[in-house]
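Structural overview for review
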Amino acid sequence: MGRIEWAMWANEQALAAGLILLAGGIVGVAGQFRGWEFASYAIAAGVFVCLLEYPRSKRAKGTSVERTGQYCFTVCVKAFGPVTRNYYVRAFLHAALCVPGGFMLATVLGCVCLGIASLIYLAAALRGEHWEPILPRKDTRKPVAESIKSPPQNPPPRPPPEIRRKQAKDVEGAAYDNPMSVTDDE
């Protein structure tokens, strides 16, 4: 059985938490609820978390699929160096960011989700994982094989080579027996 990569789960959880925190903050500010200042904080925190978590990390196996438009965010996150690569820092950051969201009903769900993401990041950090950027790779072209350079001469379906028709020059050798019985069903 393979090893669980906790950072991948934490990234998805934190991105969803950032979106939920952002939506709860918008609802709190638009509704002018009591304590709407916490909702405006939740908007800023949600945007920050989404920008931090949008770029995916490279997986240990190397089967990483980057998100659409991830490259520009990857460059920004990579520029902060060890502060954003270390999952202990992310766990602490998310735990600190989620606390003010617990003071308002509209942002509580985002707060709880971000707290869970913080715990998952802590589990990833304890297992020695760290953030690696997915950078665009240069594809090296492989030489084209000889069989690809010359396309097949006869259209599909192609019979096996031993049953194929011989050239018409040798009339006796060109004829072959059909292995399937052909009958008229009339």
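Quick caveat, the model's predicted, so the values are computed rather than measured.

Turning our eyes to something else, we now look at the pattern of salt bridges. Summed over all chains, the structure comprises two salt bridges. Across the pair Arg 56 and Glu 12 runs a salt bridge, and its minimum N-O distance is 3.3 Å. Here Glu 12 lies in helix H1 (residues 6-30) and Arg 56 lies in the loop between helix H2 (36-53) and helix H3 (70-79), a separation of 44 residues in the sequence. A relative accessible area of 26% places Arg 56 in the partly exposed class.

Taking the numbering used here, the UniProt-annotated feature "transmembrane region" (unreviewed entry) corresponds to residues 38-54 and 91-124. For the annotated span residues 38-54, helix accounts for 94% and strand for 0% of the residues, and the straight-line distance between the end C-alpha atoms is 24 Å. Spanning residues 91-124, this segment combines 74% helix with 0% strand, and its end C-alpha atoms are found 9 Å apart.

So, about the packing of helix H5 (residues 87-98) against helix H6 (residues 108-126). The axes of two packed helices give the description: the angle between them and the distance between them. Here H5 crosses H6 at 165°, and the two axes come no closer than 8 Å. Our classification of the angle between H5 and H6 gives roughly antiparallel. For the pair H5 and H6, the crossing hand works out as left-handed. Between H5 and H6, the contacting residues are Tyr 87, Tyr 88, Arg 90, Ala 91, His 94, Ala 95, Leu 97 and Cys 98 on the first element and Cys 111, Leu 114, Gly 115, Ser 118, Tyr 121, Leu 122, Ala 124, Ala 125 and Leu 126 on the second. Residues that form the contact of H5 with H6 fall into these classes: 13 nonpolar, three polar and one charged.

Moving on, we come to the packing of H1 against H6. Close contact between H1 and H6 brings their axes to 8 Å; oriented N to C, the two are set at 160°. Overall, the two elements H1 and H6 adopt an arrangement that is roughly antiparallel. Crossing angle aside, the handedness with which H1 passes H6 is left-handed. In contact with Trp 6, Ala 7, Trp 9, Ala 10, Asn 11, Gln 13, Ala 14, Ala 17, Ile 20 and Leu 21 of H1, H6 contributes Leu 109, Gly 110, Cys 111, Cys 113, Leu 114, Ile 116, Ala 117, Ile 120, Tyr 121, Ala 123 and Ala 124. When the residues that make up the contact of H1 with H6 are grouped by side-chain class, the tally is 18 nonpolar, three polar and no charged.

Let us now look at the packing of aromatic side chains. Applying the stated criterion across every chain, the model contains three aromatic pairs. Between the aromatic rings of Phe 38 and Phe 103, the centroid separation amounts to 5.3 Å while the plane-to-plane angle is 35°, which identifies the pairing as tilted. In this pair, Phe 38 sits in helix H2 while Phe 103 sits in the loop between H5 and H6, placing the two residues 65 residues apart along the sequence. Take Phe 38: its relative accessible area is 33%, and that puts it in the partly exposed class. Here Tyr 87 and Tyr 121 contribute two aromatic rings whose centre-to-centre distance is 4.9 Å and whose plane-to-plane angle is 35°, an arrangement assigned as tilted. You can see Tyr 87 sitting in helix H5 and its partner Tyr 121 sitting in helix H6, a full 34 residues away along the chain.

Quick look at the nonpolar core now. Within the largest apolar cluster, 13 residues are counted, with the highest numbers of intra-cluster contacts made by Tyr 87 and Tyr 121. Contributing elements (two or more residues each) for this core: H1, H5 and H6. With residues up to four places along the chain from it excluded, the contact list for Tyr 121 reads Ala 7, Ala 10, Asn 11, Ala 14, Glu 53, Tyr 87, Arg 90, Ala 91 and His 94. Within the second largest apolar cluster, 10 residues are counted, among which are Ala 42, Val 49, Leu 97 and Cys 113.

On the secondary structure map, Gly 128 appears in the loop between H6 and helix H7 (146-149). For Gly 128 and Tyr 88, which are 40 residues apart along the polypeptide, the C-alpha to C-alpha distance reads 9.9 Å.

About the criteria used
Residues numbered from 1 in each chain as written. Predicted model: local features only at pLDDT ≥ 70, side-chain atom pairs only at ≥ 80, totals over all residues. Heavy atoms only, no water. Salt bridge = Lys/Arg side-chain N within 4 Å of Asp/Glu carboxyl O. Helix = DSSP H or I, 4+ residues; strand = E, 2+ residues; numbered from the N terminus. Buried < 20%, exposed > 50% of the residue type's maximum accessible area, 1.4 Å probe, protein only. UniProt positions renumbered as here; feature names shortened; annotations may be inferred. Axes fitted to C-alpha atoms, helices over the stretch in contact; angles between N-to-C directions. Parallel < 35°, antiparallel > 145°, perpendicular 65-115°, else oblique. Left-handed = near helix turned anticlockwise from the far one by under 90°. Contact = heavy atoms within 4.5 Å. Nonpolar A, V, L, I, M, F, W, Y, C, P; charged D, E, K, R; others polar. Phe/Tyr/Trp six-rings, centres within 6.5 Å; stacked < 30°, edge-to-face > 60°. Core = buried A, V, L, I, M, F, W, Y, C linked by side-chain atoms within 4.5 Å.

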